[in-house]
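Commentary on secondary and tertiary structure
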Amino acid sequence: MRSRLDFFRKFPTKLNFLSEISGMDRAPRVFYSPPLSKRGLMRLSTYFLPLLRENPAEAQIVSHRLMLRAGMIRQSSAGIYSWLPLGLRVLHNIEAIVRAEQDAAGAQELLMPTIQPAELWRESGRYDDYGEEMLRIRDRHDRDMLYGPTNEELITDIFRQNIKSYRDLPKNLYHIQWKFRDEVRPRFGVMRGREFLMKDAYSFDLDLASARRSYNKMFLAYLRTFARMGLKSIPMRADTGPIGGDLSHEFIVLADTGESQVYCDKAWLETDILASTVDYDDDLQPFFDQWTRLYAATEEKHDAANCSVPADRLLAARGIEVGQIFFLGTKYSKPMNAVVAGPNGEQIVPEMGCYGIGVSRLVAAIIEASHDDAGIIWPKSVAPFDAGLVNLRAGDAACTDASDALYQTLRNAGIDTLYDDRAESAGAKFAAMDLIGLPWQIVVGPRGLQKGVVEVKNRRTGQREDMTAETALNRLRAAS
RNA sequence: CGGGGCGUAGCUCAGCCUGGUAGAGCGCCAGCUUUGGGAGCUGGAUGCCGGAGGUUCGAAUCCUCUCGCCCCGACCA
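Fair warning: this is a prediction, and the values are worked out from it, not measured in the lab.

**Here's the deal with the layout of surface pockets**
Roughly 940 Å³ of internal volume is contained in the largest pocket. Considering the residues around the largest pocket, the lining is formed by 41 residues, among which Arg181, Arg192, Glu321, Gln324 and Arg361 are closest to the centre. Going through the elements one at a time, β8 (195-205), β13 (314-329), β16 (351-358) and α10 (359-369) are the ones with two or more residues in the lining of the largest pocket.

Below you can see the structure in the form of structure tokens.
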């Protein structure tokens, strides 16, 4: 402690401002921007992408196997993973879509810490209720802390400290943060990890009608969010579970390898949320009613005997839960005394809602829903790169020159490209590209060069087509 | 938390039963030859056989304990 004081005496506080030390306040406010040609060169010869040829023994489901094989993640301990460059790119893309749609729905992003004080959880009563799943920590001062499994208490605390008037409502606050739940049995890679990235939003409203509007906004936002990732999600009425409240929907993505058995009306397959022009400011109740009219139930809720859907229209499928929304009522606001003053000075206990999206789980869910025997097939909205450029013969000067030139052209055109410039055999390169699943592959080889063409392959359809480099560029431009 | 299984080279695995100087394929490194769907040849490197203790002249192998990981179930964004 003594030495710290000495330090501050020696260096007066104002010298802690960089500008005062170096005169940077006079420096022009222009940041160094490297030329495009130097920015983030993504050459496979130097990119950190450890691919596995064989399936790791511990991975059972396809998304876990492919994420390991494609060099996206590596396990650190049970249910805890490091995200390698390729995986992190996908995670960021998914995060961006979630964020964009939350913002559009009127939610505001903030960031709460991963470590929380036990005190708040004692207020809500959950410190004792939550059980072994919550990772409890004691700091050096013997204070009880915990690694947050969720954030209702913390957001309610922030709310009550800073929002005092009915005029400030409604509010919807969200963050995207790592959570920890000490699952007894983590499995399936990031599908059910102990540490996971989650978007959680919390709404505060003056009355039930307003809370209902907040709920409906998130309902729409969720349908749109998943659709933008190329996923068809189906909202299913759900149990509220230990979080509480009495209105809740799970958003299930259909995938053959999904964890839960679900039943729904086949008409769900025909729906297209992105075609809907409904706006967040509209009255969303008719929309909500329409989108909950069709039958959909998880195995727990499904009752074959009393199912309203005729057998020929009933679809039995596997599904993955990628999000859940809850109406909470005053479950947290009341015990934690989060109140605002009403128009007449009366105290109003806000109605709350909470809304979760499993961001890291979505990476796995998308793979489960979109892959083939050769590897991943990324929807373009979340793909780690728009395209892969393959120099089929890295030892050949003409091939390399043409590939280098095309790489520059693609980059200048804003097409995010991973350039395979390795001296590998053709087969190995094709296999690697298929495995990591970029939407487009552009193959530059000696055979095509003689005819003045490159080959463009669509990963999803498998269709391959020869065209000039210029046409290829236009094709990719049009596609992105 | 109940039940089951597995820890040997970067990966997939053999060796263990029946103790006797650590293995294969792929990957990695070097060289040469190849080159349009995971190339060939030659040479090379790589292991506290998960950890600790015990039995034994001698332990990857047998015994005890322990740690880690995976699977089924219950639980779960």
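Picking up where we left off.
**Some details on the domain arrangement of chain A**
The domains assigned to chain A are domain 1 (62-375) and domain 2 (385-479). Each of domain 1 and domain 2 was reduced to a C-alpha centroid, and the two centroids are 39 Å apart. Contacts between the two partners involve 9 residues from domain 1 and, on the opposite side, 7 residues from domain 2. Taken over both partners, the interface formed by domain 1 and domain 2 buries close to 720 Å², and the fraction arising from carbon and sulfur atoms is 55%. Per-residue buried area on domain 1 facing domain 2 is highest for Leu86, Arg89 and Ala374; these three make up 50% of the total on that side.

**What to know about the environment of Glu123**
Along the polypeptide, Glu123 turns up in helix α5 (residues 118-124). Through-space distance from the C-alpha of Glu123 to that of Met336 is 6.1 Å; in sequence the pair is 213 residues apart. Dropping the residues within four chain positions of it, Glu123 is found in contact with Arg160, Pro335 and Met336.

**Overview of the environment of Leu135**
Within the secondary structure, Leu135 sits in strand β5 (residues 135-138). Remark: the alpha-carbon pair of Leu135 and Glu183, spanning 48 residues in sequence, is separated by 9.9 Å.

**Examining the sheet that holds strand β19 (residues 387-391)**
If you trace the 5 strands from one edge of the open sheet to the other, you get β20-β19-β21-β22-β23, paired in mixed fashion. The two strands at the open ends of the sheet, each matched to only one other strand, are β20 (417-420) and β23 (464-467). Taking each pair of neighbouring strands and ignoring which way they run, the sheet shows an average axis angle of 20°. Note: β19 against strand β21 (residues 440-444), 5 bridges, orientation parallel. Along β21, the bridge assignment pairs Gly388 with Gln441. Against the sheet, helix α11 (residues 397-412) touches β19, β20, β21 and β22 (454-458), its axis set at about 165° to β19. Contacting β19, β21, β22 and β23, helix α14 (residues 469-479) crosses the sheet at an angle of about 130° to β23.

About the thresholds
- Residues numbered from 1 in each chain as written.
- Chains lettered and ligands numbered in written order.
- Predicted model: local features only at pLDDT ≥ 70, side-chain atom pairs only at ≥ 80, totals over all residues.
- Heavy atoms only, no water.
- 1 Å grid on protein atoms, 1.4 Å probe; cavity = no way out; pocket = protein on both sides within 12 Å on 5 of 7 lines; lining within 4 Å.
- Points joined across faces, edges and corners; volume = space filled by probe spheres on them.
- Helix = DSSP H or I, 4+ residues; strand = E, 2+ residues; numbered from the N terminus.
- Domains from an automatic or database assignment.
- Contact = heavy atoms within 4.5 Å.
- Buried area = accessible area lost by both parts, 1.4 Å probe.
- Pairing = 2+ DSSP bridges.
- Axes fitted to C-alpha atoms, helices over the stretch in contact; angles between N-to-C directions.

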